[in-house]
Amino acid sequence: MIVGTAGHIDHGKTALLRALTGVEGDHRREERERGITIDLGYRYADLGDGAPTGFIDVPGHERFVHNMLAGASGIDLLLLVIAADDGVMPQTREHLAIAELLGIGRAMVALTKIDRVAPARLDEVRLQIGALLAPGPFAGAPIFPLSSVTGEGVADLRGALAQAAGERTWRGTNGLFRLPIDRAFSVAGAGVVVTGTAFAGAVASGDELMLSPSGRRVRVRGLHAQNRTADAAHAGQRVALNIAGERLTVESIRRGEWLVHPDLHGPATRLDIELRLLPSEVHALTHWTPVHLHLGAQDVTGRVALLDGDRVRPGEAALAQLVLNGPTHAVHGDALVLRDQSAQRTLGGGRVLDPFAPTRHRRTPARIEQLQALRGQTLEAALPTLLAHADNGIAPWTLERQFNHPRAHWRLPAGVLELTTRQGPRLFAPEVWNGLRSRLLAALERFHADQPDELGPDRDRLRRIALPQLERPVFIALLESLLAEEAIQASGPWLHLPGHRVLLTAAEESLKARLWPLLIAGGYDPPWVRDLARALDHDEAEVRHLLRKLARLGELQQVVKDLFYPEATVRALARRLLALEENAGMVQAADFRDAIGLGRKRSIQLLEHFDRIGLTRRLGNARKVRRDSALVAALAVDAASTAPDS
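All figures in this text were calculated on a predicted structure; none of them were measured in a lab.

1. With respect to the sheet that holds strand β32 (residues 616-619)
Note on sheets: strands pair through backbone hydrogen bonds, and any given pair is parallel or antiparallel.
Argument step 1. The strand order across the open sheet built from three strands is β31-β33-β32, with neighbouring strands paired in antiparallel fashion. Looking at the sheet topology across the chains shown, the edges are occupied by β31 (587-588) and β32.
Argument step 2. With four bridges connecting them, β32 and strand β33 (residues 622-625) associate as antiparallel partners. Bridge assignment links R618 to a residue of β33, and that residue is R623.
Argument step 3. The strands that helix α16 (residues 567-584) touches are β31, β32 and β33; relative to β33, the one it contacts most, it runs at about 100 degrees.

2. With respect to the sheet that holds strand β23 (residues 335-339)
Argument step 1. If you trace the six strands once around the closed barrel, you get β17-β22-β20-β19-β23-β24, paired in antiparallel fashion. Neighbour to neighbour, the strand axes of the sheet diverge by 45 degrees on average, direction disregarded.
Argument step 2. Both strand β19 (residues 289-295) and strand β20 (residues 298-306) contribute to a ladder of seven bridges, which runs antiparallel. For L293, the partnering residue across the bridge sits in β20 and is V300.

3. Description of the environment of T53
Argument step 1. Its place among the elements puts T53 in strand β3 (residues 52-57).
Argument step 2. The class for T53 is buried, based on a relative accessible area of 1%.
Argument step 3. Separated by 32 residues in sequence, T53 and T21 place their C-alpha atoms 9.5 Å apart.
Argument step 4. Ignoring any residue separated from it by four or fewer positions in sequence, one finds T53 in contact with M1, V3, R43, Y44, A45, L47, A165 and Q226.

4. Observations regarding helix α12 (residues 472-484)
Argument step 1. In a regular helix each residue adds 1.5 Å, so 13 residues correspond to 18 Å; α12 covers 18 Å between its end C-alpha atoms and thus fits that length.
Argument step 2. In this structure, the buried side of α12 is in contact with β25 (417-421), β26 (424-428), α10 (430-450), α11 (459-466) and β28 (494-496).

5. Concerning the nonpolar core
Argument step 1. Formed by 38 residues in total, the largest nonpolar core has its most connected members in L399, L436, L440, L462 and L478.
Argument step 2. Taken together, the elements giving at least two residues each to this core come down to α7 (365-374), α8 (379-388), α9 (396-403), β26, α10, α11 and α12.
Argument step 3. When residues of this core are assigned to their parent elements, the largest contribution, six residues, is made by α10.
Argument step 4. Within the second largest apolar cluster, 27 residues are counted, among which are W258, V260, L306 and L347.

6. What to know about the confidence of the model for the chain
Argument step 1. On average, residues of the chain score 90 in pLDDT, and 93% of them reach the 70 mark or higher.
Argument step 2. Under a pLDDT of 50 for its full length, residues 26-39 has, in the predicted model, 27 contacts with residues more than four places off or in other chains.

7. Some points on the environment of P430
Argument step 1. Its place among the elements puts P430 in helix α10.
Argument step 2. Residue P430 is classed as partly exposed on the basis of its relative accessible area of 27%.
Argument step 3. For the pair P430 and A357, spaced 73 residues apart in sequence, the C-alpha to C-alpha distance is 25 Å.
Argument step 4. With near-sequence residues (within four places) excluded, P430 lies in contact with G415 and L417.

8. What to know about the packing of aromatic side chains
Argument step 1. Summed over all chains, the structure comprises two aromatic pairs.
Argument step 2. Plain terms: the ring middles of F199 and W258 are 5.3 Å apart, the flat faces sit at 90 degrees to each other, and that makes the pair edge-to-face. Of this pair, F199 sits in the loop between β9 (191-197) and β10 (202-204) while W258 is found in strand β16 (residues 258-260), placing the two residues 59 residues apart along the sequence. There is no split in this pair, since F199 and W258 are both buried.
Argument step 3. If you follow K512 out to its NZ or CZ, it ends over the ring of W516, 5.4 Å from the centre.

Rules used throughout
- Residues numbered from 1 in each chain as written.
- Predicted model: local features only at pLDDT ≥ 70, side-chain atom pairs only at ≥ 80, totals over all residues.
- Heavy atoms only, no water.
- Pairing = 2+ DSSP bridges.
- Helix = DSSP H or I, 4+ residues; strand = E, 2+ residues; numbered from the N terminus.
- Contact = heavy atoms within 4.5 Å.
- Axes fitted to C-alpha atoms, helices over the stretch in contact; angles between N-to-C directions.
- Buried < 20%, exposed > 50% of the residue type's maximum accessible area, 1.4 Å probe, protein only.
- Expected span 1.5 Å × (residues − 1).
- Core = buried A, V, L, I, M, F, W, Y, C linked by side-chain atoms within 4.5 Å.
- pLDDT = per-residue confidence, 0-100.
- Phe/Tyr/Trp six-rings, centres within 6.5 Å; stacked < 30°, edge-to-face > 60°.
- Lys NZ or Arg CZ within 6 Å of the ring centre and 35° of its normal.

Structure, rendered in structure tokens:
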């Protein structure tokens, strides 16, 4: 168990911990000389249950509140220290507010310095404490009058803490490991050591981890858990990790960074949150207010973009997006605290809803509905609403990262579809997937009605006119499912509904029979429209019209104006191009020119055509084949159909 003390300066927190644990806390000379705790102090004691309980002595001075926030993020039980002579002070209220915002689940009150006051004063301060705690989650918390000087009452508090340690609910270890770093230092003979309270998961010597958000990979050489040498540690324990990495130094580690499992690394500069403004605030919080965000041990500046209004009144909650000036690490449910621009006053706090907050459409009704669902505690509860507004589905890995909830532990709601795309699986709500299918078919039907003389659009054109919001891998998966069901058919690169045909007239059939041998005989250099018209002694406009119609039928492809290649010739050129890539990894224009025996100008025209139809992607002066191209798939079918029987 981790116990954190909080309260006003000079109310006896350090002396109380010395009395409880028997351990001196002010190890640093500057701290001892000034008589205050400047940084987080950690002490451990066996309170009688056989396991070490960790005590965090968080500082009480105003200028060190950010240190208090760093310590509070991992506390299981708050020990609120209030001196009997002073009573409740401003810092008492602020520390209590921060503990409530961070969701610390349990509290006890140590009423110190009772040796300095009369019984009547003691009763008066008890009433003050009761009134202080009454409105919040710690109402009715037990109060233990004591004196660290005489020892009176200390045993009673120690016994209550020991009982609480035995009743403590352990944090889950199903998630991946994550720990906010609040200290980094060097140990002679060991190297870099970082400390923090493990938020989730487990870690062992030899594990590979990542510093986030910097992205530096490290290896765990050894560790201490709850101040004892250990081979492994888990969520809820105070951990010191001896880590090693390439050119890793203490100076390269910033306080506030996280040490996480590599799968959790995902720096964020926008967080969608549930925000609550403290009732003690005098003014409402308005849109785009500058703030300090405290999350884990990190302090980063940014602004609050309100999502469902233009102001939040004291004591109210609202949805908001934090737009940060630097990257951070977060997962769903992380508690956070916001302080004002000068870091002098705590404004409020809340919980992270989505660490992958969008930059656009953040106030739409669909997005607000998703955020309302994310106010719940579990992935499974939020998933139906998230999927209902996700045309592109949701990649399972993003949910694992967002919730730190490995898929092995999921219990998916009934009916969720998992579909394979060329960039991995996606989850879909059945109604969303079926809606996409209907919209695609309806768009194709409209195309046929508007363009009856065309066989159909190619894949990229169909995506633009039907579902431009779909990511390419999702659109391809949708199209392939419809092709497999024969709800859509392909004729060359053209896509159409079953039964839709573009027919040639008798005169066009006759003209085709005369010009087709000339196109085939031309090989990689077929005749231009004007040359075909001259050779056949036919009207050039009629020849051009027929060739364009044959292109719409999928029998020809127009490379440039008035230059048409038969589909078989295009496939032969594509096979040459694929062979070049297999040998060299990339296709250079000069190599393609030499392979087909044409001039540079025509070679470039052909390569640019392949770029347009999605066979290749230009990278500088070279090309890379798109393996998800429809033409690559057609060539594979050709190869399979001509392969000898095995």
